[in-house]
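# Per-entry structural report
Take a look at the letters that make up each chain.
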Amino acid sequence: AAWLDKRYPSTFASFDEFKAARVFMNAMQKLQIFDDWASWCDAHCIFSDGALSNTHTIYSNYELVKALGKFPEFTHVLLEALKLVVPSNDGSPWLWQQRAESSSIALLLAPM
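Described below are features of the structure shown in this document.

Among the residues making up helix α3 (residues 34-44), those that are buried are Trp37, Trp40 and Cys41. Looking straight down α3, one finds that the buried residues subtend no more than 100° of arc, so they occupy a single side. The outward face of α3, more than 90 degrees from its buried face, is lined by the exposed residues Asp35 and Asp42. Next to the buried residues of α3 lie α2 (15-30), α4 (54-68) and α5 (75-82).

And the structure:
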């Protein structure tokens, strides 16, 4: 992953993490909600929280987009669900604080 280290130094722990971030960003742009998400994060995310993990956030966002992104009619739900992945100053609960918890997202959204 020399290319990754050179292009994005100290940003991604692995190529899989980079790929998950890229899939997330591309899906959000396709749904035309990436700018809304980025603006919300800029205004509300508590980036200084010591428990905030770049890896956790990337994989949790990826799982949510993978589960809900294929349903454009649920973009508003996706945007709200993404708020639960990061600590915020607006009172939204921080529900998914570890990657093990984020893997349960797929179970919650699995068809019955």
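From this point, the discussion proceeds with the structure in view.
This brings us to the layout of surface pockets. In this model, the largest pocket occupies a volume close to 520 Å³. Considering the residues around the largest pocket, the lining is formed by 22 residues, among which Phe24, Asn54, Thr57, Ile58 and Asn61 are closest to the centre. Of all the secondary structure elements, the ones that give two or more residues to the lining of the largest pocket are α2, α3 and α4.

For the coordinates displayed, the defined rule picks out two salt bridges. Note that Lys66 is salt-bridged to Glu63, the shortest N-O span being 3.7 Å. Placement of both Lys66 and Glu63 in helix α4 is noted, with a separation of three residues, approximately one turn of the helix. Measuring nitrogen to oxygen at the nearest pair gives 3.0 Å for the salt bridge that ties Glu80 to Lys83. Classification of Glu80 by relative accessible area gives partly exposed; the value is 45%.

What describes a pair of aromatic rings is the distance from one ring centre to the other and the angle between the planes of the rings. Evaluated as defined, the whole model comprises eight aromatic pairs. Here Trp37 and Trp40 contribute two aromatic rings whose centre-to-centre distance is 5.6 Å and whose plane-to-plane angle is 10°, an arrangement assigned as stacked. Of this pair, Trp37 and Trp40 both sit in helix α3, separated by three residues, roughly a single helical turn. Exposure remark for Trp37: the relative accessible area of 5% places this residue in the buried category. By relative accessible area, Trp40 is classed as buried at 10%.

Criteria and cut-off values
Residues numbered from 1 in each chain as written. Predicted model: local features only at pLDDT ≥ 70, side-chain atom pairs only at ≥ 80, totals over all residues. Heavy atoms only, no water. Buried < 20%, exposed > 50% of the residue type's maximum accessible area, 1.4 Å probe, protein only. Helix = DSSP H or I, 4+ residues; strand = E, 2+ residues; numbered from the N terminus. Arc of directions from axis to C-beta. Contact = heavy atoms within 4.5 Å. 1 Å grid on protein atoms, 1.4 Å probe; cavity = no way out; pocket = protein on both sides within 12 Å on 5 of 7 lines; lining within 4 Å. Points joined across faces, edges and corners; volume = space filled by probe spheres on them. Salt bridge = Lys/Arg side-chain N within 4 Å of Asp/Glu carboxyl O. Phe/Tyr/Trp six-rings, centres within 6.5 Å; stacked < 30°, edge-to-face > 60°.

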